[in-house]
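Structural overview for review
The residues making up each chain are set out below.
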Amino acid sequence: MKMTSTNTTTKRVLVFNPQKRLISINQSAFALAKAHDWNVSSIRAACTGKIISYQKLYFRYLAPNITLEDDDMGKLNLEEYDRLCQVERKVYPNGKMSRKGMKYSKAAKEKSPFYPFKTDPNETTNTESQNH
């Protein structure tokens, strides 16, 4: 019996080290996860940009319009690849991959649902109005 693969949508995964250099090209996120005993959904989230990195590495899907050569290994930079793909993604500012120095948008405390005063502190409650 001849077996054929029905999944033709497999996306190759590029792996970049903390210094943002290409270190690996893998057949799929599933194959990469299986080889390293990692979480597939975390790798996919890093590839799509939902999270910045996973296991101190950066992940990207190989774009269909980009061809990589063997000499790109160790030379291709993450920012260069993102520019080629015309996407803009967050990366850590240094090789330590710490969040120190990153800018975050801070929501006002008053708008947060967890702010200590969930109701207006000036409002009177039913028990206070009965005492008057």
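Quick summary incoming for the structure in this document. (Residues numbered from 1 in each chain as written. Predicted model: local features only at pLDDT ≥ 70, side-chain atom pairs only at ≥ 80, totals over all residues. Heavy atoms only, no water.)

**Observations concerning the pairing of strand E1 (residues 13–16)**
What counts, and what does not: Burial classes: relative accessible area under 20% of the type maximum marks a residue as buried, over 50% as exposed, and values in between as partly exposed (1.4 Å probe, protein chains only). A run of H or I in DSSP becomes a helix once it reaches four residues, and a run of E becomes a strand once it reaches two; helices and strands are each numbered from the N terminus. Between any two strands, at least two bridges found by DSSP are needed for them to pair.
On E1, burial covers both faces: Val13 and Val15 on one face and Leu14 and Phe16 on the other are all buried. Of the strand pairs in this sheet, E1 and strand E2 (residues 22–26) are connected by 4 bridges, and their pairing is antiparallel. Across the sheet, Phe16 pairs through a bridge with Leu22, a residue of E2. Counting the residues between successive antiparallel strands, the hairpin from E1 to E2 contains 5 residues, one of them, Lys20, with a positive phi of roughly 70 degrees. Pairing of E1 with strand E3 (residues 58–61) involves 4 bridges; the strand directions are antiparallel. Bridging from a neighbouring strand, Val13 pairs with Tyr61 of E3.

**Topic: the packing of aromatic side chains**
To keep it simple, the criterion reads: For this analysis, a ring pair means two rings from Phe, Tyr or Trp (six-membered ring only for Trp) whose centres lie within 6.5 Å, classed as stacked if their planes differ by under 30 degrees, edge-to-face if by over 60, and tilted for the remaining angles. Criterion for a charge above a ring: Arg CZ or Lys NZ at most 6 Å from the ring centre, at most 35 degrees from the ring normal.
Taken as a whole, this structure holds 5 aromatic pairs when the rule is applied. Where Phe16 meets Tyr81, the ring centres are 6.1 Å apart and the plane angle is 40 degrees; that geometry is what we call tilted. Linking Phe16 in strand E1 with Tyr81 in helix H3 (residues 78–85), this pair joins segments that are 65 residues apart in sequence. One exposure class covers both Phe16 and Tyr81, and it is buried. Aromatic pair Trp38 and Tyr54: ring centres 6.0 Å apart, planes at 90 degrees, arrangement edge-to-face. With a gap of 16 residues between them, Trp38 in the loop between helix H1 (29–36) and helix H2 (40–48) and Tyr54 in the loop between H2 and E3 connect regions that are remote in the sequence. These aromatic residues form a ring-pair network of at least three members: Trp38, Tyr54 and Phe59. The cationic tip of Lys11 hangs over the ring face of Tyr61; the distance from NZ or CZ to the ring centre is 4.9 Å.

**Thoughts on the sheet that holds E2**
Put simply, the rule reads: To define axes, lines are fitted to C-alpha atoms, for helices over the stretch in contact only, and angles between the resulting N-to-C directions are given on a 0 to 180 degree scale. Contact criterion: two residues are considered in contact whenever any of their non-hydrogen atoms come within 4.5 Å of each other.
Ordered in space as E2-E1-E3, the 3 strands form an open sheet in which the pairing is antiparallel. The open sheet is flanked by E2 and E3, the only strands paired with a single partner. Neighbour-to-neighbour, the strand axes of this sheet turn through a mean angle of 25 degrees, independent of strand direction. Running at roughly 25 degrees to E3, H3 makes contact with E1 and E3 of the sheet.

**Observations concerning H2**
Among all positions of H2, only Val40, Ser42, Ile43, Ala45, Ala46 and Cys47 are buried. Tucked inside the fold, the buried residues of H2 contact E1, H1 and E3. Gly49 occupies a position one or two residues after H2 and carries a positive phi of about 100 degrees.

**Digging into the side chain of Lys20**
Applicable threshold: Here a polar contact means two N or O atoms within 3.5 Å. Within protein one must be a hydrogen donor candidate and the other an acceptor candidate, and residues neighboring in sequence count only if both atoms are side-chain atoms.
Inspection of the secondary structure assignment puts Lys20 in the loop between E1 and E2. Here Lys20 falls in the buried class, since its relative accessible area comes to 11%. One polar contact links the side chain of Lys20 to the main-chain carbonyl oxygen of Tyr92, over a distance of 2.9 Å. With residues up to four places along the chain from it excluded, the contact list for Lys20 reads Tyr58, Leu76, Asn77, Leu78, Glu79, Val91, Tyr92 and Pro93.

**A closer look at the pattern of salt bridges**
Here is the rule: A side-chain nitrogen of Lys or Arg and a carboxyl oxygen of Asp or Glu constitute a salt bridge if their distance falls within 4 Å.
Considering all chains together, one arrives at 2 salt bridges under this definition. Across the pair Lys20 and Glu79 runs a salt bridge, and its minimum N-O distance is 3.6 Å. Taken together, the residues span a long stretch of sequence, with Lys20 in the loop between E1 and E2 and Glu79 in helix H3 at a distance of 59 residues. With relative accessibility at 29%, the residue Glu79 sits in the partly exposed group. Of the charged contacts, one joins Arg60 and Asp82 as a salt bridge, the two residues approaching to 3.0 Å between their closest N and O atoms. Of the two residues, Arg60 is situated in strand E3 and Asp82 in helix H3; the sequence distance between them amounts to 22 residues. The residues Arg60 and Asp82 share a single accessibility class, namely buried.

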